[in-house]
Amino acid sequence: MQVVRSKLELKKILSSQTNKSIGFVPTMGSLHEGHLALMKKARLENDFVVASVFVNPTQFGPNEDLDAYPRDETKDIELSENAKVDLLFIPSVEEIYPRKVSAQVKAVLAVDVLDGKARPGHFDGVLTVLLKLFMLVQPDRAYFGQKDAQQVAIVQNFVSDYFLPVDIRTVETVREADGLAKSSRNVNLLEEERNEAPVIHRALLAGKDRILSGCQSEQEILGAVQEVLQDVTLKLDYLALYSYPDFKPVTDFTKPMVLAAAVKYKKARLIDNEIVLPSGGEAECYEQ
Ligand code: AMP
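Residues numbered from 1 in each chain as written. Predicted model: local features only at pLDDT ≥ 70, side-chain atom pairs only at ≥ 80, totals over all residues. Heavy atoms only, no water.

1. Some remarks on the nonpolar core
In terms of nonpolar packing, the biggest core is built from 49 residues, with V50, L87, L114, F134, F144, I168 and F247 touching the most fellow members. Per-element tally for this core: the top contributor is helix 6 (residues 122–137), with 8 residues. Split by domain, this core shows at least three residues from each of two domains, domain 1 (2–171) and domain 2 (184–276). Residues contacting L87, with those up to four places away along its chain left out, are M1, Q2, V4, L10, I13, F48, V49, V50 and A51. Counting residues in hydrophobic clusters, the runner-up holds 26 residues, among them L180, I200, A203 and A261. (Core = buried A, V, L, I, M, F, W, Y, C linked by side-chain atoms within 4.5 Å. Buried < 20%, exposed > 50% of the residue type's maximum accessible area, 1.4 Å probe, protein only. Helix = DSSP H or I, 4+ residues; strand = E, 2+ residues; numbered from the N terminus. Domains from an automatic or database assignment. Contact = heavy atoms within 4.5 Å.)

2. So, the site of the ligand
Surrounding the ligand, one finds 17 residues, the nearest of these being M28, H35, D148, V174 and K182. With respect to the ligand, the side chain of H35 contributes an N or O atom lying 2.8 Å from an oxygen atom. Measuring from a nitrogen atom of the ligand, one finds a backbone N or O atom of K182 at 2.8 Å. Placement of the ligand is best described as lying within the largest cavity. The set of elements that each furnish at least two residues to the shell around the ligand consists of strand 2 (22–27), helix 2 (33–45) and strand 5 (141–145). No other element matches helix 2, which puts 3 residues into the shell around the ligand. Taken together, the residues that form the shell around the ligand break down as 6 nonpolar, 7 polar and 4 charged. (Near = heavy atom within 4 Å. Polar contact = N/O pair within 3.5 Å; in protein donor to acceptor, adjacent residues only side chain to side chain. 1 Å grid on protein atoms, 1.4 Å probe; cavity = no way out; pocket = protein on both sides within 12 Å on 5 of 7 lines; lining within 4 Å. Sits in = over half its atoms within 2 Å of the grid points. Nonpolar A, V, L, I, M, F, W, Y, C, P; charged D, E, K, R; others polar.)

3. Digging into the packing of helix 9 (residues 199–212) against helix 10 (residues 218–229)
It is at 8 Å that the axes of helix 9 and helix 10 come closest, and there the two elements cross at 150°. The pairing of helix 9 with helix 10 is recorded here as roughly antiparallel in orientation. Of the two possible hands of crossing, helix 9 and helix 10 adopt the one that is right-handed. Note on element contacts: helix 10 touches helix 9 through E220, I221, A224, V225, V228 and L229, opposite V199, R202, A203, L204, A206, G207, R210 and I211. Across the contact of helix 9 with helix 10, the residue classes break down as 10 nonpolar, 1 polar and 3 charged. (Axes fitted to C-alpha atoms, helices over the stretch in contact; angles between N-to-C directions. Parallel < 35°, antiparallel > 145°, perpendicular 65-115°, else oblique. Left-handed = near helix turned anticlockwise from the far one by under 90°.)

4. Notes on helix 6
In this model helix 6 runs 22 Å from its N-terminal to its C-terminal C-alpha over 16 residues, within 8% of the 22 Å that 1.5 Å per residue would give. The buried count for helix 6 comes to 12 of 16 residues, which makes it a mostly enclosed element. All of the buried residues along helix 6 are H122, F123, D124, G125, V126, L127, T128, V129, L130, L133, F134 and V137. Looking one or two residues past helix 6, Q138 carries a phi angle of roughly 50°, positive in sign. (Expected span 1.5 Å × (residues − 1).)

5. Overview of the UniProt feature "binding site: (R)-pantoate" (unreviewed entry) in the protein
Mapped onto this numbering, the UniProt entry gives "binding site: (R)-pantoate" (unreviewed entry) at Q59 and Q151. In terms of the greatest pairwise C-alpha distance, the residues named above, spread along 93 residues, form a tight cluster of at most 11.7 Å across. Of the residues annotated just before, the largest cavity has Q59 and Q151 among its lining. Within the secondary structure, Q59 is located in the loop between strand 3 (48–53) and helix 3 (73–82). Setting aside residues up to four positions removed in sequence, Q59 forms contacts with M28, E64, R119, H122, G125, V126 and V129. Examined against the element boundaries, Q151 turns out to sit in helix 7 (residues 149–161). We classify Q151 as buried; its relative accessible area is 16%. Those residues in contact with Q151, other than ones at most four positions away along the chain, are F123, V126 and F144. (UniProt positions renumbered as here; feature names shortened; annotations may be inferred.)

6. A short note on the UniProt feature "active site" (unreviewed entry) in the protein
Per the UniProt record, "active site" (unreviewed entry) is found at H35. Tracing the sequence through the fold places H35 in helix 2. Here H35 falls in the buried class, since its relative accessible area comes to 12%. Here H35 is in contact with T27, G29, S30 and S184, once residues within four sequence places are set aside.

7. Structural notes on the environment of L36
In this structure, L36 sits in helix 2. The spacing of L36 and V166 is 130 residues in sequence and 20 Å in space, taken between C-alpha atoms. In this view, L36 contacts L79 and A83; residues no more than four positions away in its chain are not counted.

8. Here's the deal with the side chain of S21
Note that S21 resides in the loop between helix 1 (7–15) and strand 2. Setting aside chain neighbours within four positions, we find S21 in contact with E45, N46, D47, F48, D140 and R141.

9. A short note on the sheet that holds strand 3
Spatially, 6 strands are ordered 1-4-3-2-5-6 in an open sheet, and the strand pairing comes out parallel. Strands at the two margins of the open sheet, each flanked by one partner only, are strand 1 (2–4) and strand 6 (167–171). Neighbour to neighbour, the strand axes of the sheet diverge by 25° on average, direction disregarded. With 6 bridges joining them, strand 2 and strand 3 adopt parallel strand pairing. Bridge pairing in strand 3 places I22 opposite F48. Those strands touched by helix 1 are strand 1, strand 2, strand 3 and strand 4 (87–89), and its axis lies near 140° from that of strand 1. Here helix 6 sits on the sheet and contacts strand 2, strand 3, strand 4, strand 5 and strand 6; the angle it forms with strand 2, its principal contact strand, is near 150°. (Pairing = 2+ DSSP bridges.)

Listed below in structure tokens is the structure:
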């Protein structure tokens, strides 16, 4: 595996990969099995796999955890190598943002809810860095985790609106044995928070069960989630049910939905979601 830090070197190596399909896994590092699942799928579907480790400052708000975001480059290199990534791109902030941009990317669809609402400007930063990375890597396929369901939908819409020649592929959320969604931020949980956090997934599953048993009342469904959370200390940033993948209020409980929650702990904000397919069919739009 080649570790590359400059755009120039990246370009040089990629230009020698003629007639090879390129799979790309963008990450913010502190890699875990969730990232590895993306790399594994990319490895299966492409001739050449590029992953990036870049903690993107533009997707963090002024009071968010940019400085406290966990970083472990040595381990990231080792895990990427084991996952048979061909090229690991670890650029500096200056390499990606050498100057103030002359035109801005602004996410406008499906950003009025969930993380888009809770983290103003977050998805502008996500799309900005992805556009830059897609232009540098020029991948045939790019891999994203369903854990960030709203991100996948926003990226998918962006790619399709601007005819970006990349196929967005998704991977289901990888979890710890106790159900907690794997996240780089989990290392910032206090011990008691870590012990409690699997309740988030259990609560979402209770809501999902209520939907699958035919309930068509949003209040009752969210109530079933709240019931599981009633004896715990965690602070909900949001808990909501939306149609999927368009993130609108639910009007038809027989169509795909997403039940999503964000939780604020002392030094970590966690998100999780469950996609619900009441008819047992496939969610429109995104492959699994
Ligand atoms: P991050 O490093 O947190 O920006 O995540 C990079 C990519 O990995 C994103 O597409 C995430 O959705 C995905 N990802 C993060 N955690 C998980 C997980 N537990 N399961 C599957 N994918 C994940």
